[in-house]
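Fold and geometry: a report
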Amino acid sequence: MPRSLAHSTSNGVADFDRVSFIDVSKYFGRRRALAHVSFECEAGEIVGLLGGNGAGKSTVLGLAATILQPSSGQVRYGGRSREDLGLALNARIGVLAHELQLYPELTARENLEFFASLYGLDQGVDRAAEALARAGLMDRGDDFLDGFSRGMRQRVALERALLHEPQLLLLDEPFTGLDEGASMALIERLQALKTAGRIVILSTHDFEIAEMVVDRAILLRAGRLTTMAPEGGSLRDRYRDVTPRVGDAGGSG
Amino acid sequence: MTQRLFLPLVVAATVVFAVAPLLIAWAPYESTMGLVQKIFYFHMPSWAAMFVSALVCGVASAFFLFKGHATGDRIAAAAAELAVVFGLIGLVTGPLWARKAWGVWWQWDARLTMALVLWMIFISYLLLREYGGPGSEKLAAGVALFGMANVPFVYWSVNVWRTVHPTTNVVPTLVPGMRIALWWSLAGFLLLYTTTMMARVRLESQRASLDRLYRDLDD
Amino acid sequence: MKRFLRVALLIMRKDLTVEARSRELLLTTLFFAVSAVLVFAFGFVRDGRPVENAAAGILWIAIAFAGTLALGRTFERERYHDVLHALLLAPVDRPAIYVGKLLGILVLLGTVEIVVVPLVALLFQAPLLRQPLLIVTLLAFGTVGFAAVGTLFAAMLIRARSRDVLLPVLLYPLTIPVIIAGVRGTAALLQPEADIAMARAWIGMLGFFDVVFITLSLWTFEPVMTE
């Protein structure tokens, strides 16, 4: 779908206080990735997408990020569609993908400065420096990413995704491969974003961590929403109640 | 509507093809090339069908790419396959004729080269669709569009390239009997093309409906 | 428009920074081009003398081969760690990304040609300096045409399987006019009696080709890169 050019030149700010999935289905050929999914996420909320491999978590994130297009149904941002918002919408979305999405041949600082310029941010150099400080990597800023640990790279990637202060932050399995300390730091950062009134959607299969961060869990099984008792017991217990065999929850992936 | 037209077209194509050998046999015997000249009645129409198919593929791809019509993609895929098939007929019959006319199997003649290049483009289109993995139909549409835009450039460059070392141009001046047989064959091939195309597009549409049914079954 | 150019230059500068550091693409492409020239020399030199017009053909085939290699590699860098998706998600006109990558590739190929063209002239006794301006124009227009089509196809093949082999499979049939024009135009300039009019005609066609295919690429980049 061609994106409107008008939005790129007008510095229109697309602000929205909710993201709504309305009866969204997504097919890849004959394979169903998502079937009739409806839910809403509001500003100041951390929503967790839970489910096994191939349950459709990444598809939900891809649809919300506008990387994928729904086969049917709609994704709306504060009541408007991505066609209405055009490029202004992209300026309000931040994505922390499973892959790093950074250039290993550039230093951490150069990566951040590159993306700051790409997003057309003023004072890109300062923003990059601030981002480095937030990641706690001031002294490593001029090192190449190759030499970083998984946790350090993840921190740079997260600050990369947050450079333009997005209203909607999408994180795909952000806790994978992080140690205790790094996970705690990430949780803290997400809580701060929540307080700032952002919408945070993250996918995870780790119930203990989900228990700590998310305000609300959305359970996906084989591309469908599964309702879970809203209260009572731990997430893991409630999850077990609706899934006969956890190992069977997903597909092939 | 296309379904109602299909049967009459098949009948028409059959009749035309049944009569074609008679006309070709009845057409005057070309003195220098002899019997081999009769290949011409298959050779030229198959190239014509390929060029028509190339055009259809390019236009349908543009519709798919810019308007997102899934039908455009189905038509383009069918047209590309047929372009390769008819091109193959042309490529097989061509050298048989060339051997007799020019004494060599292949001549870097402008038209021949151009047809070969176009044929290669559609082969690459099919290779991309076959081996490109999911999502390659959009990429293939880009190839078809670029292929179509390329035709005038290939035509011009191949022509100028050839005129640097001119060769005798062997296009037979047709006597009336030959002309009728040629037009008849051309009509036959284009009818054949149209019916195959309709059947092929229908197959793709059915496949898409089958996919839809599978999905509905899931729901 | 200003933002479009800024994004394009930003991406080009990023590519050149990466390249200046590793020199991987430049050195491998350059050596590949030189090796190709050498291999062709064994095919087209008889009794110590090159066959007629060999220089023009060898030069352009070397450029086409090296160009394909460089195109594949430069987009491999975007695919690694999935940075391409981050680029596509940014609030920029996507054609600006295309232009940025194209400019980067042109700088790279231009550098390769600075070495390879004199080398071919030297090895095959081609009077390169007789018509320097026309030769340079011909090379520039031809390279732009090849790279314009190549950048689009290399970009869209990022998502495809078997992309390494599909790139040349798609690219060579589509760039045949460029190769013919390059080879015939160069040959017209290098032959004993330089045929200026013929070279001009080929340059004209290449210019026309460049305009048509850059426009078409800018136009199709957005839809082919969407999902």
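The structure presented is a predicted model; accordingly, all values stated were derived computationally and were not measured. (Residues numbered from 1 in each chain as written. Chains lettered and ligands numbered in written order. Predicted model: local features only at pLDDT ≥ 70, side-chain atom pairs only at ≥ 80, totals over all residues. Heavy atoms only, no water.)

**A word on the overall build of chain B**
A tally of helices and strands in chain B yields 6 helices and 0 strands. Secondary structure of chain B in N-to-C order comes out as α-α-α-α-α-α. Projected onto its principal axes, the C-alpha positions of chain B cover 70 × 45 × 25 Å. Taking all 219 residues of chain B together, the buried fraction comes to 47%. Considering only contacts within chain B whose residues lie at least 6 apart along the sequence, 78% involve residues at least 24 apart. In the structure as shown, chain B presents an accessible area of about 11000 Å², 70% of it carried by carbon and sulfur atoms. Positive and negative side-chain charges of chain B, numbering 16 and 11 respectively, have mean locations separated by a distance of 12 Å. (Helix = DSSP H or I, 4+ residues; strand = E, 2+ residues; numbered from the N terminus. Buried < 20%, exposed > 50% of the residue type's maximum accessible area, 1.4 Å probe, protein only. Contact = heavy atoms within 4.5 Å. Areas by Shrake-Rupley, 256 points an atom, 1.4 Å probe, with all protein chains shown as cover. Lys, Arg positive; Asp, Glu negative; His and termini not counted. Charge placed at Lys NZ, Arg CZ, Asp CG, Glu CD.)

**Quick word on the packing of helix H6 (residues 132–156) of chain C against helix H8 (residues 176–190) of chain C**
Residues and elements named next belong to chain C. One can describe the packing of H6 onto H8 by two numbers: an axis separation of 10 Å at closest approach and a directional angle of 170 degrees. The orientation of H6 with respect to H8, classified from their angle, is roughly antiparallel. In contact with Leu134, Ile135, Leu138, Gly142, Gly145 and Phe146 of H6, H8 contributes Val178, Ala181, Gly182, Gly185, Thr186, Leu189 and Leu190. Of the residues contributing to the contact of H6 with H8, the split by class is 8 nonpolar, 5 polar and no charged. (Axes fitted to C-alpha atoms, helices over the stretch in contact; angles between N-to-C directions. Parallel < 35°, antiparallel > 145°, perpendicular 65-115°, else oblique. Nonpolar A, V, L, I, M, F, W, Y, C, P; charged D, E, K, R; others polar.)

**Comments concerning the nonpolar core**
Within the largest apolar cluster, 180 residues are counted, with the highest numbers of intra-cluster contacts made by A:Phe115, A:Leu118, A:Leu190, B:Tyr125 and C:Phe153. Once residues within four sequence positions are removed from consideration, A:Leu190 is found in contact with A:Ile46, A:Leu169, A:Leu171, A:Phe175, A:Val200, A:Leu202 and A:Val213. Listed in part, the 31 residues of the second largest apolar core include A:Phe21, A:Phe39, A:Ala55 and A:Tyr77. (Core = buried A, V, L, I, M, F, W, Y, C linked by side-chain atoms within 4.5 Å.)

**Regarding the interface of chain C and chain A**
With 27 residues of chain C in contact, the opposing surface of chain A contributes 34 residues. Around 2800 Å² of area is buried between chain C and chain A when both sides are counted, 62% of it from carbon and sulfur atoms. Among the residues chain C hides against chain A, the three largest losses belong to C:His81, C:Leu89 and C:Glu227. Together they make up 24% of the total. For A:Glu105, the salt bridge is made with C:Arg77, and the minimal N-O distance between the two is 3.8 Å. Between the two partners, chain C and chain A, sit 8 residue pairs in polar contact (both at pLDDT 80 or more). Listing elements by their share of the side of chain C that touches chain A, those giving two or more residues are helix H1 (2–22), helix H3 (54–79) and helix H4 (83–89) of chain C. For the side of chain C that touches chain A, the leading source of residues is H1(C), giving 8 residues. For the side of chain C that touches chain A, the per-class residue count stands at 13 nonpolar, 4 polar and 10 charged. (Buried area = accessible area lost by both parts, 1.4 Å probe. Salt bridge = Lys/Arg side-chain N within 4 Å of Asp/Glu carboxyl O. Polar contact = N/O pair within 3.5 Å; in protein donor to acceptor, adjacent residues only side chain to side chain.)

**Digging into helix H4 (residues 110–131) of chain B**
Here H4(B) is 22 residues long and its end C-alpha atoms lie 31 Å apart, about the 32 Å a rise of 1.5 Å per residue gives. Just downstream of H4(B), B:Gly133 is the residue with a positive phi angle, here 80 degrees. (Expected span 1.5 Å × (residues − 1).)

**Side note on the confidence of the model for chain A**
Residues and elements named next belong to chain A. With 86% of its residues at a pLDDT of at least 70, chain A reaches an overall mean of 83. Here helix H1 (residues 6–9) is the element of chain A with the lowest mean pLDDT, 36, and strand E6 (residues 168–172) is the one with the highest, 95. Taken together, the stretch residues 1–11 has pLDDT below 50 and engages in 23 contacts with residues farther than four places along the chain or on a different chain. With pLDDT under 50 throughout, residues 246–253 is counted as low confidence; its partners more than four residues away or in other chains account for 9 contacts. (pLDDT = per-residue confidence, 0-100.)

**Considerations on the interface of chain C and chain B**
The interface of chain C with chain B comprises 33 residues on the first partner and 31 residues on the second. Inspection of the chain C/chain B interface yields 0 salt bridges. Where chain C packs against chain B, one counts 3 residue pairs in polar contact (both at pLDDT 80 or more). Elements with a minimum of two residues in the side of chain C that touches chain B: H6, helix H7 (163–174), H8 and helix H9 (196–225) of chain C. It is H9(C) that contributes the most residues to the side of chain C that touches chain B, 14 residues altogether.

**Some details on helix H5 (residues 94–123) of chain C**
Within an α-helix, residues lying three or four positions from one another point in the same direction, as the helix has 3.6 residues per turn. All names here are of chain C. The end-to-end C-alpha distance of H5, which contains 30 residues, comes to 43 Å, matching closely the 44 Å that a straight helix rising 1.5 Å per residue would cover. If you look at H5, its biggest bend is around 30 degrees, right at Glu113. Following H5 by one or two positions, Gln125 adopts a phi angle in the positive range, close to 50 degrees. (Bend = angle between axes of the 7 residues up to and from the residue.)

**Concerning the packing of aromatic side chains**
Under the definition given, this model contains 22 aromatic pairs over all chains. On the basis of an interplanar angle of 65 degrees and a centroid distance of 6.0 Å, the ring pair of B:Phe86 and B:Phe189 is categorised as edge-to-face. Here B:Phe86, found in helix H3 (residues 70–101), pairs with B:Phe189, found in helix H6 (residues 176–218); they are 103 residues apart in sequence, far enough to count as distant. Here B:Phe86 and B:Phe189 have matching classes, each one buried. Both rings, one in B:Phe153 and one in C:Phe213, keep their centres 5.8 Å apart while their planes meet at 55 degrees; by these two values the pair is tilted. In this pair, B:Phe153 sits in helix H5 (residues 136–163) while C:Phe213 sits in helix H9, so the two residues belong to two different chains. (Phe/Tyr/Trp six-rings, centres within 6.5 Å; stacked < 30°, edge-to-face > 60°.)

**Here's the deal with the confidence of the model for chain B**
Residue and element names in this part refer to chain B. When the pLDDT values of chain B are averaged, the result is 84; 91% of them are 70 or greater. Mean pLDDT values for the elements of chain B range from 83 in helix H1 (residues 2–26) up to 91 in helix H2 (residues 40–67). Segment residues 164–171 is flagged for pLDDT under 50; beyond a separation of four residues in sequence, or across chains, it makes 8 contacts in the model. Predicted complex metrics record ipTM = 0.90 and pTM = 0.89.

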